[in-house]
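Inside the fold
Residue strings, one per chain:
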Amino acid sequence: MTSAYASSQRPFGRILTAMVTPFRPDGELDLDTAKKLANHLVDNGNDGLVVSGTTGESPTTNPDEDGRLLAAVLEAVGDRASVLAGVGNNDTQASARLARQAKAAGAHGLLLVSPYYNKPPQAGLVRHFAAVTEAGDDVPVLLYDIPGRAGVRIAHDTYAEVAKDPRIVGVKDAVGDLASGAWVMSECGLALYSGDDALNLAWLAVGAAGMVSTVGHVGSRKYAEMADAVEKGDLATARRINVEMLPVVQTIMDPVTQGAIMCKAAMELTGVLTNRAVRSPLVDATDEQVATLNTVLSDVGLL
């Protein structure tokens, strides 16, 4: 199933948020709140969402929960935004099963991260990406290159090989190598999405299709304005917005905490979530951290 927001330049839209997964205080999945959150995000500047990504705490959700969450979000906003399913796993067969499940549910795309921890060689990455893409049938794939978590980086030769499959249409880049990303776009024809909110402006300036953002939970309208400014050649406006958003990025992506933790706190502050519960081994944001976040978001006008 292809999203109405798909195009060759922007296969999944432009501003996508990697959505947190709402839980009830007892730790169970909260699908009603997931629908509410999905609608809120699309109403506030997102033309795409990713569910069951790292920000969605996918290492601690099971395949049944992933499937139910995807179905709920598709029901809520699938007619007005691209909905991508995170299907990454360090077990190729497990990832393939998630891809088949996402296909059956009607996902508009698959987010496929490099296998983490087991650090496969590049030939293993090629085989993994091919197997999971095949399992997803005709669902387009957005690779996810994040060596800081995966322990391995996708090489240029690997990009060139996997880009031969027309179903692999882009990459979410959290490498931070602008020159390499420009090569991937120009030589492989893949759409690049910024996977690092601190570099959203830089990636847009070198031709990225858009972003898959964590900070987009609160900043998607700002990021849409920034992207508009870049397209119009209004660099001064884009820079101004980027500077406005820097303290928000620094607070939410603080390495002392973690993006999922702080995004849930932000959504609780906005009233979209009724709690900020995360699953272990993550820990809920402290009252002090929430107070700091409240000040930062208020100063930027995001509350």
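Parameters and conventions
Once a new chain begins, its residue numbering starts again from 1 and follows that chain's sequence as written. With the structure being a predicted model, the display of local features is reserved for residues of pLDDT at least 70 and the display and counting of side-chain atom pairs for 80 or more, all residues being used for whole-chain, interface and lining totals. Processing note: side-chain calculations cover all non-hydrogen atoms of the structure and skip hydrogens and water entirely. UniProt positions are given in the numbering used here, feature names are shortened, and annotations may be inferred rather than shown by experiment. Numbering goes from the N terminus for both helices and strands, where a helix is a DSSP run of H or I of at least four residues and a strand is a run of E of at least two. Here the term buried applies to any residue with accessible area under 20% of the maximum for its type, exposed to any over 50%, and partly exposed to those in between, with areas from a 1.4 Å probe on protein chains only. Multiplying one less than the number of residues by 1.5 Å gives the expected span of a helix. At every residue, the bend is computed as the angle between two fitted axes, covering the seven residues ending there and the seven beginning there respectively. The contact definition used throughout considers only heavy atoms, calling two residues in contact when any of these lie within 4.5 Å. Residues enter a nonpolar core if they are buried and are Ala, Val, Leu, Ile, Met, Phe, Trp, Tyr or Cys, with the set joined through side-chain atoms within 4.5 Å. Every definition here rests on a 1 Å grid over the protein atoms only: cavities are sets of points where a 1.4 Å probe fits but cannot get out, pockets are open sets enclosed by protein on both sides within 12 Å along at least five of seven lines, and lining residues have some atom within 4 Å of a point.

With an unreviewed UniProt entry as reference, the protein is termed 4-hydroxy-tetrahydrodipicolinate synthase, source organism Solicola gregarius. In its Subunit (unreviewed entry) section, UniProt records this for the protein: "Homotetramer; dimer of dimers."

1. Details of unusual backbone geometry
P281 follows S280 through a cis peptide bond whose omega is 20 degrees. Along the polypeptide, P281 turns up in the loop between α11 (259-270) and α12 (287-300). Of note in the backbone geometry, E57 takes a positive phi value of approximately 60 degrees without being a glycine. You can see E57 is positioned in the loop between β2 (48-51) and α2 (63-77). Positive phi, close to 75 degrees, is recorded for Y117, a residue that is not glycine. With a relative accessible area of 74%, Y117 lands in the exposed category.

2. Side note on helix α10 (residues 235-252)
Between its first and last C-alpha atoms α10 spans 25 Å; for 18 residues at 1.5 Å apiece the expected length is 26 Å, and the two agree. M245 marks the point of greatest bend in α10, at about 35 degrees, and the proline P247 comes within the next four residues. All buried positions along α10 are accounted for by A238, I241, N242, M245, V248, V249, T251 and I252. Buried residues belonging to α10 abut α8 (200-205), α9 (216-232), α11 and α12.

3. Describing the nonpolar core
Ranked by size, the top nonpolar core spans 82 residues in total, and within it M19, V73, L143, V218 and V248 carry the most contacts. Those residues in contact with M19, other than ones at most four positions away along the chain, are A34, L37, A38, L41, L49, V50, V51, T55, G56, L69, V73 and H217.

4. So, the UniProt feature "site: Part of a proton relay during catalysis" (unreviewed entry) in the protein
Per the UniProt record, "site: Part of a proton relay during catalysis" (unreviewed entry) is annotated on T54 and Y117. These annotated residues cover 64 residues of sequence, but their C-alpha atoms sit close together, with the largest distance between any two at 14.4 Å. From the set just named, the residues that line the largest pocket comprise T54. Considering the arrangement of structural elements, one finds T54 in the loop between β2 and α2. Look at T54 and you get partly exposed, because its relative accessible area is 26%. Tracing the backbone shows Y117 in the loop between β4 (109-113) and α4 (122-135). With sequence-adjacent residues up to four places away left out, Y117 is seen in contact with N90 and A150.

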